[in-house]
Amino acid sequence: MEIITGYTGKPHVTSEQDRDVNIGVVGEGSYVLKTGMQLAAEVSSNNEIKIRDGVLMHQGCTASIKKNTYDSLIITNGSQGMKRVDLIVARYEKNQDNRIESLDLKVIQGTPAESNPAAPQYTKGDIQAGDYVADMPMYQVIIDGLNITEVKKMFKVIGSNKDLTEKLGFQMLLNTDVQQIYTMYGGRVKVVSGTMIVNIAMNIGYAKLFSVEQLKNWFGTGYTTTRLSVKTYNGDSVAQEVHFYAPEIWNGEIFQYFYPANREGPMRVNYRLEYMYG
């Protein structure tokens, strides 16, 4: 056992140890931290992109751009009538001779094409495994002719432990099904309202909410769809970024349709069912 955060009378903390600690706390991926300008990209001209201040953690290796400053990156001129995709990466490098390490922003130039240009390849690498180069994709720079038309962010911003604690607390609330049943207008109308979680499958586009048995249990064995009104909406658009179509009754059961369909996992549905008796 070797102490890391302690005075031993001589320099002893290695970059590998520091990265291992960061990986254990934040994760083994590559992220931008929620501080400063979060390394936001600003197009200064068709030949320059400025990356504003912030901190990143690339496979446990941290690097920053100081507050109220920026790094300037030069973009090679585009060509009239051609399209191109350049890639901005945060590149970790280790000198094979003297073992000096660095982490800097680099531009990888793509290959021009008349249509559908491909983004250039980058070096994935594994820093803790001893690789000498490991790139973290930051932005795709879309060039059409002579102009930069778009800068697409490719990294994930990760929150603090405080953010995580608050999110977990909120998620505990989200994971709770709540239901209320009451009648009004002298018992002529019965209302069932609440919130529930359903699991959605990839590329299906709908989920069943209530079976015939559930509906008969609430509204009686004589339940008929012609007397039922249903309203729903997405109860947690952060967990599942989908839009709801109107709910549909099919063979006496209630289904929720949504788009886009390329989503999976838990989805919260808030609902209100009103049933009118004769």
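Placed above this text is the structure.
Residues numbered from 1 in each chain as written. Predicted model: local features only at pLDDT ≥ 70, side-chain atom pairs only at ≥ 80, totals over all residues. Heavy atoms only, no water.

*Asks:* Could you clarify how one ought to interpret the sheet that holds strand 6 (residues 101–108) in this entry?
*Replies:* Note on sheets: strands pair through backbone hydrogen bonds, and any given pair is parallel or antiparallel. In space, the four strands of this open sheet follow the order 6-5-7-8, with antiparallel pairing throughout. In this open sheet, the two edge strands, each paired with only one partner strand, are strand 6 and strand 8 (147–153). The mean inter-strand angle of the sheet, taken between neighbouring strand axes irrespective of direction, is 20 degrees. (Pairing = 2+ DSSP bridges. Helix = DSSP H or I, 4+ residues; strand = E, 2+ residues; numbered from the N terminus. Axes fitted to C-alpha atoms, helices over the stretch in contact; angles between N-to-C directions.)

*Asks:* Hey, could you run me through the sheet that holds strand 11 (residues 189–200) in this one?
*Replies:* With respect to topology, four strands assemble into an open sheet ordered 10-11-17-13, the strand pairing being antiparallel. If you trace the sheet from one side to the other, it starts and ends with strand 10 (178–184) and strand 13 (228–234), each paired once. Taken pair by pair, the neighbouring strands of this sheet meet at an average axis angle of 20 degrees, ignoring direction. Two elements, strand 13 and strand 17 (residues 265–276), share seven bridges in a ladder whose sense is antiparallel. The residue of strand 17 that forms the bridge with Asn234 is Val269.

*Asks:* Is there a simple way to think about the pattern of salt bridges in this case?
*Replies:* Should their charged atoms come close, side chains of opposite charge can pair. Under the criterion given, the structure shown has seven salt bridges. Of the charged contacts, one joins Asp144 and Lys83 as a salt bridge, the two residues approaching to 2.9 Å between their closest N and O atoms. In this pair, Asp144 sits in strand 7 (residues 133–144) while Lys83 sits in strand 5 (residues 83–94), placing the two residues 61 residues apart along the sequence. Residue Asp144 is classed as partly exposed on the basis of its relative accessible area, which comes to 35%. The exposure class of Lys83 is partly exposed, given its relative accessible area of 29%. (Salt bridge = Lys/Arg side-chain N within 4 Å of Asp/Glu carboxyl O. Buried < 20%, exposed > 50% of the residue type's maximum accessible area, 1.4 Å probe, protein only.)

*Asks:* Can you help me understand the nonpolar core in this one?
*Replies:* The nonpolar side chains of a soluble globular protein tend to be buried, and buried together. Ranked by size, the top nonpolar core spans 23 residues in total, and within it Ile51, Leu56 and Met138 carry the most contacts. Elements supplying a minimum of two residues to this core: strand 3 (48–58), strand 4 (61–74), strand 5, strand 6 and strand 7. The dominant element in this core, judged by the number of residues it contributes, is strand 7, at six residues. Dropping the residues within four chain positions of it, Leu56 is found in contact with Tyr31, Val32, Leu39, Cys61, Thr62, Ala63, Ala90, Leu103, Met136 and Met138. (Core = buried A, V, L, I, M, F, W, Y, C linked by side-chain atoms within 4.5 Å. Contact = heavy atoms within 4.5 Å.)

*Asks:* What is the right way to read helix 3 (residues 212–219) from this model?
*Replies:* The α-helix winds at 3.6 residues per turn, so residues separated by three or four positions along the chain end up facing the same way. Taken together, the buried positions of helix 3 are Leu215, Trp218 and Phe219. Summarising the axial view, the buried residues of helix 3 lie within an arc of 75 degrees, below the 170-degree limit, and thus occupy one face. Exposed residues pointing more than 90 degrees away from the buried face of helix 3 are listed as Glu213 and Asn217. In this fold, the buried residues of helix 3 make contact with strand 10, strand 11, strand 12 (206–210), strand 13, strand 16 (253–259) and strand 17. Gly220 sits one or two residues past helix 3 and shows a positive phi near 105 degrees. (Arc of directions from axis to C-beta.)

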